[in-house]
Amino acid sequence: MGNIIDGKALSRKKREEITQQAEDFSRRHGRPPGLAVVLVGQDPASAIYVRNKRAGCEQCGIRSFEYLLNESTTQKELLALIDRLNADNDVDGILVQLPLPSHLEEKEVLLRIDPSKDVDGFHPYSMGRLLMGEPTLVPCTPRGIVYMLDEHGVDLKGKDAVIIGRSNIVGKPAALLLMMRHATITICHSRTRNLAGKIAAADVVVAAIGRAEFVRGEWIKDGAVVIDVGMNRTETGLKGDVQFDEAKKRASLITPVPGGVGPMTITMLLDNTLIAARARMS
Ligand code: GUN
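Nothing here was measured: the structure is a model prediction, and the numbers come from that model.

Engineer: Quick question: what am I supposed to make of the sheet that holds strand β1 (residues 34-40) here?
Structural biologist: Adjacent strands of a sheet pair through backbone hydrogen bonds, lying either parallel or antiparallel. Read from one edge of the open sheet, three strands run β2-β1-β3, paired in parallel fashion. Looking at strand neighbours, the two that pair on one side only are β2 (63-69) and β3 (93-96), the edges of this open sheet. Neighbour-to-neighbour, the strand axes of this sheet turn through a mean angle of 15°, independent of strand direction. The pairing of β1 with β2 spans seven bridges and is classified as parallel. Residue pairing across strands places Ala36 opposite Phe65, the latter belonging to β2. The sheet strands contacting helix α2 (residues 44-60) are β1, β2 and β3, and the helix crosses β1 at an angle near 165°.

Okay, here's the thing in structure tokens:
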């Protein structure tokens, strides 16, 4: 595979470990780790994610609780469900699929999840802990990125890492995790000046913009590590945020789309569920 990071193979390997650990947990506690997934409405992409989460749980011996709620669900009903899941001892992790329909207040919903069950790592408590360098539950996509870098022996110490995108889900937590590995971080976004120049100086590039092939291959420094978080549906198929063919010629390591970061994300969700389950039972 040369310089390609095979997210599917790494994900398979990690899931084998999770399966083993879930089995140990079940033996010790007389019940499997449990993950509750809540989906409101009919968004087709979200429905696919939720299905993949259920399949991942089945594969690894994690009990999955699925709540597929009507588009017309009220804020009060959704909060009441979260209260029930918070109180349910068989539920170790709670994930509310985003985006929520526009009549629902996302911040209030995320705030209602018990931080000990916050397997997405989106609760302000989890984010605050990460910011302080004392993480509890860490968002899944950034964890998957660091896992892939570790598996390939990438030493981040003193490296210049450029992260493109400042979302709470990927950009900000990815920056914090790379900083904890002693990389020097630059977070770029839509108002950044001279983006090409910043990318050209980067040892590590994490692209999480959500625009197909926005990062041009010729911007990449020779030998850089390129992590592409993009999942952009185009007329010619699923595309990443990076022009792959051109970037691949320069990068020492690069993730493909599909088959790179994507498969790792749900795997890390399963792992977070196990981590939450163990912490709750200890
Ligand atoms: N929507 C897109 N990515 C995610 C994610 O990682 N978690 C949740 N809950 N919703 C998402």
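Engineer: Explanation requested: the pattern of salt bridges in the structure shown.
Structural biologist: Pairing is possible between side chains of opposite charge, provided their charged atoms come close. Counted according to the given criterion, the structure contains 15 salt bridges. Among the salt bridges present, the one from Glu218 reaches Arg216, with a minimum N-O distance of 3.2 Å. According to the relative accessible area criterion, Arg216 is partly exposed, its value standing at 37%. A salt bridge links Lys249 to Glu246, with the shortest nitrogen-to-oxygen separation between them at 3.1 Å. Of the two residues, Lys249 and Glu246 are both situated in helix α9 (residues 244-250); the distance of three residues between them amounts to about one turn of the helix. Residue classification places Lys249 among the exposed positions, given a relative accessible area of 64%.

Engineer: Would you mind going over the site of the ligand with me for this structure?
Structural biologist: By nearness alone, every residue bordering the ligand is listed as Leu95, Val96, Gln97, Leu98, Asp120 and Phe122. Between a nitrogen atom of the ligand and a side-chain N or O atom of Gln97, the distance comes to 3.3 Å. Within the complex, 79% of the 280 Å² of free accessible area of the ligand lies under protein. For the shell around the ligand, a count of residues per class yields four nonpolar, one polar and one charged.

What counts, and at which threshold
Within every chain, residues take consecutive numbers counted from 1 along the sequence as written. Only residues with pLDDT of at least 70 get local features here, since the model is predicted, and only at 80 or more are side-chain atom pairs given and counted; chain-wide, interface and lining totals rely on the full set of residues. In computing side-chain values, all of the structure's heavy atoms are included and hydrogens and water are not. Strand pairing requires that DSSP identify at least two bridges connecting the strands. Helix numbers and strand numbers start at the N terminus; a helix is a DSSP run of H or I with at least 4 residues, a strand a run of E with at least 2. A fitted line through C-alpha atoms serves as each axis, taken over the contacting stretch for helices, and the angle formed by two N-to-C directions is quoted from 0 to 180°. Pairs of residues are marked as contacts when any of their non-hydrogen atoms sit within 4.5 Å. Salt bridge, as used here: a side-chain nitrogen of Lys or Arg that lies within 4 Å of a carboxyl oxygen of Asp or Glu. Relative accessibility under 20% of the residue-type maximum defines a buried residue, over 50% an exposed one, and the middle range a partly exposed one, all with a 1.4 Å probe and only protein chains included. We call a residue near a molecule or strand whenever a single non-hydrogen atom of that residue lies within 4 Å of it. Counting of polar contacts relies on pairs of N or O atoms within 3.5 Å, with two restrictions inside protein: one atom must be capable of donating a hydrogen and the other of accepting it, and residues adjacent in sequence are counted only when both atoms are side-chain atoms. Accessibility throughout is a Shrake-Rupley quantity obtained with a 1.4 Å probe, and a residue counts as covered only by protein chains that appear here. Note on residue classes: Ala, Val, Leu, Ile, Met, Phe, Trp, Tyr, Cys and Pro are nonpolar, Asp, Glu, Lys and Arg are charged, and everything else, Gly too, is polar.

Honestly, it's all geometry; don't read function into it.
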